[in-house]
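What follows is each chain in one-letter form.
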Amino acid sequence: MAKGASSKSGGKIASMTGFARGEGGNSNFSWSWELKSVNGRNLDQRYRMPSGHEELETRLRALVTKALARGNLQCSLTLNRVAGASGVAINQEILDQVVDAIGALDAKLDLGPSNAVGILSLRGVLEEQEIKESDDERTQRMQALEETFSEALTNLGVMRGEEGARLKVVVEGQLQNVENLLSEATDLAALQPEQLKARLKTQVETLLEASSGLTEDRLAQEAALLATKADIREELDRLGAHCRAAQDLLDEGRAVGRRLDFLCQEFNREANTICSKSSDKDLTRVGLELKSAIEQMREQIQNIE
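Residues numbered from 1 in each chain as written. Predicted model: local features only at pLDDT ≥ 70, side-chain atom pairs only at ≥ 80, totals over all residues. Heavy atoms only, no water.

Moving on, we come to the overall build of the protein. The number of helices and strands found in the protein is eight helices and six strands. Taken from the N to the C terminus, the helices and strands of the protein come in the order β-β-β-α-β-β-α-α-β-α-α-α-α-α. Within the span of the protein, comprising 305 residues, buried residues form 34% of the whole. Restricting to contacts in the protein with at least 6 residues of sequence separation, those with at least 24 account for 79%. Here the protein has roughly 18,100 Å² of accessible surface; of this, 51% comes from carbon and sulfur atoms. (Helix = DSSP H or I, 4+ residues; strand = E, 2+ residues; numbered from the N terminus. Buried < 20%, exposed > 50% of the residue type's maximum accessible area, 1.4 Å probe, protein only. Contact = heavy atoms within 4.5 Å. Areas by Shrake-Rupley, 256 points an atom, 1.4 Å probe, with all protein chains shown as cover.)

Encoded structure:
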């Protein structure tokens, strides 16, 4: 089998199913990306990020478009402040209210002196404040977020490639099963003309005895027409060509899932015709097994990028 690189740059089969995680951080923030991809008719990207990070999406979409061809991709960013990356400030309005209240109490009651620690410990006097991020720091963080995303995207591609390699083995096994059934159908089809000839001969003799209005020549013409309609050699030849084409696509790799899926429709068309033309129970059985094998193969192929 041919060997190659990733789905968009080489010859390996890739699955559309995968998961990857990327983590990063700086002195103020820690973050993590989660990328999940599943089957999709086209490439569909969805992003979930904290408010204020919308500017990233355009650049991330461009990265994904270069890396992947198909699949539904969900990308989630979790962003957290690092402990100690925030400061405290006095809420002057609350402090003034507290001091006024202490003064009013002192005027009415004989209380001990208040201390600063006690006042600052009152709810609302001290407030936690986030340290403001400078423009340069924000720019650097956005770049780091993009780099972490790119690393996660690379890992996702690796996972999809590994799953694709397993898929290829499965599909090739199913394709071999189709070829085995095709060989069996070919052998049975070779016997069909003689069986059909014997059956038609008996039917012609019966009809000649039952009706004086039918000539033997006319019945022979009808018999020849029926034999032509029952001939499945063209269908068998096309199935063989489809098997070769499917193997070529599997060896070619890259984003061949859509073409393989279309080819499965052609496989199924020929199997249906074989079943409809068959007048032999064994050939019909093989035709039905072909349909089942093709459907199983198509179910796997629909996972291929």
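Looking along a regular strand, one sees the side chains alternate between the two faces of the sheet. Examined bridge by bridge, strand E2 (residues 29–38) and strand E4 (residues 71–81) share ten bridges and lie antiparallel to one another. Residue pairing in the sheet places serine 32 in a bridge with threonine 78 of E4. Note: strand E3 (residues 43–48) against E4, six bridges, orientation parallel. Bridging across to E4, glutamine 45 finds its partner in leucine 73. In the classification by handedness, the crossover that spans E3, the intervening helix H1 (residues 55–67) and the parallel E4 is left-handed. (Pairing = 2+ DSSP bridges. Right-handed = clockwise from strand over helix to strand, strands pointing away.)

Within the open sheet, the four strands sit side by side as E1-E2-E4-E3. Their pairing is mixed. A strand with exactly one partner marks an edge of an open sheet, and here the two such strands are strand E1 (18–25) and E3. Taken pair by pair, the neighbouring strands of this sheet meet at an average axis angle of 15 degrees, ignoring direction. (Axes fitted to C-alpha atoms, helices over the stretch in contact; angles between N-to-C directions.)

This next bit is on the pattern of salt bridges. Inspection of the entire model under this criterion finds 19 salt bridges. For arginine 21, the salt bridge is made with glutamate 34, and the minimal N-O distance between the two is 2.7 Å. With arginine 21 in strand E1 and glutamate 34 in strand E2, the pair connects residues that are 13 residues apart, well separated along the chain. Accessibility expressed as a relative area gives 39% for arginine 21, which makes it partly exposed. Residue classification places glutamate 34 among the partly exposed positions, given a relative accessible area of 28%. Close ionic contact of arginine 269 with glutamate 266 constitutes a salt bridge, the shortest N to O distance being 2.9 Å. Of this pair, arginine 269 and glutamate 266 both sit in helix H7 (residues 257–277), three residues apart, roughly one helical turn. You can call glutamate 266 buried: its relative accessible area is 16%. Connected through shared salt-bridge partners, Glu234, Glu235, Arg238, Glu270 and Lys277 make up one network. (Salt bridge = Lys/Arg side-chain N within 4 Å of Asp/Glu carboxyl O.)

A positive phi angle is found at arginine 254, which is not glycine, with a value near 60 degrees. Its place among the elements puts arginine 254 in the loop between helix H6 (233–252) and H7.

The residue arginine 160 is located in helix H4 (residues 135–210) in this model. For arginine 160, a relative accessible area of 2% puts it in the buried group. Side-chain polar atoms of arginine 160 contact the side chain of serine 37, separated by 3.3 Å. Within the structure, arginine 160 has its side chain in polar contact with the side chain of glutamate 305 (distance 2.8 Å). Setting aside residues no more than four positions away along its own chain, arginine 160 makes contact with Ala14, Ser15, Met16, Thr17, Gly18, Ser37, Leu68, Arg70 and Glu305. (Polar contact = N/O pair within 3.5 Å; in protein donor to acceptor, adjacent residues only side chain to side chain.)

Quick look at the nonpolar core now. Membership of the largest hydrophobic core comes to 32 residues, with the highest contact counts inside it found for Val178, Leu260, Phe267 and Met297. Put simply, the parts of the chain that give this core at least two residues each are H4, H6, H7 and helix H8 (281–301). If you tally residues by element for this core, the top one is H4, at nine residues. Dropping the residues within four chain positions of it, valine 178 is found in contact with Cys243, Phe267, Leu290, Ala293, Ile294 and Met297. Leu35, Met49, Met142 and Ala152 belong to the second-largest nonpolar core, a separate cluster that totals 20 residues. (Core = buried A, V, L, I, M, F, W, Y, C linked by side-chain atoms within 4.5 Å.)

Counting across every chain of the model gives two aromatic pairs. When the ring of tryptophan 33 is compared with that of phenylalanine 149, the centres are 5.0 Å apart and the planes differ by 75 degrees; the resulting orientation is edge-to-face. Of the two residues, tryptophan 33 sits in strand E2 while phenylalanine 149 sits in helix H4, which places them 116 residues apart along the sequence. Here tryptophan 33 matches phenylalanine 149 in class, with each residue buried. Ring geometry for tyrosine 47 and phenylalanine 149: centres 6.3 Å apart, planes at 40 degrees, overall tilted. In this pair, tyrosine 47 sits in strand E3 while phenylalanine 149 sits in helix H4, placing the two residues 102 residues apart along the sequence. This pair shows no difference in class: tyrosine 47 is buried, exactly as phenylalanine 149 is. Taken together, the ring pairs in this structure connect Trp33, Tyr47 and Phe149 into an aromatic cluster. The positively charged end of arginine 141 is found above the aromatic ring belonging to phenylalanine 29, 4.6 Å away from the centroid. (Phe/Tyr/Trp six-rings, centres within 6.5 Å; stacked < 30°, edge-to-face > 60°. Lys NZ or Arg CZ within 6 Å of the ring centre and 35° of its normal.)

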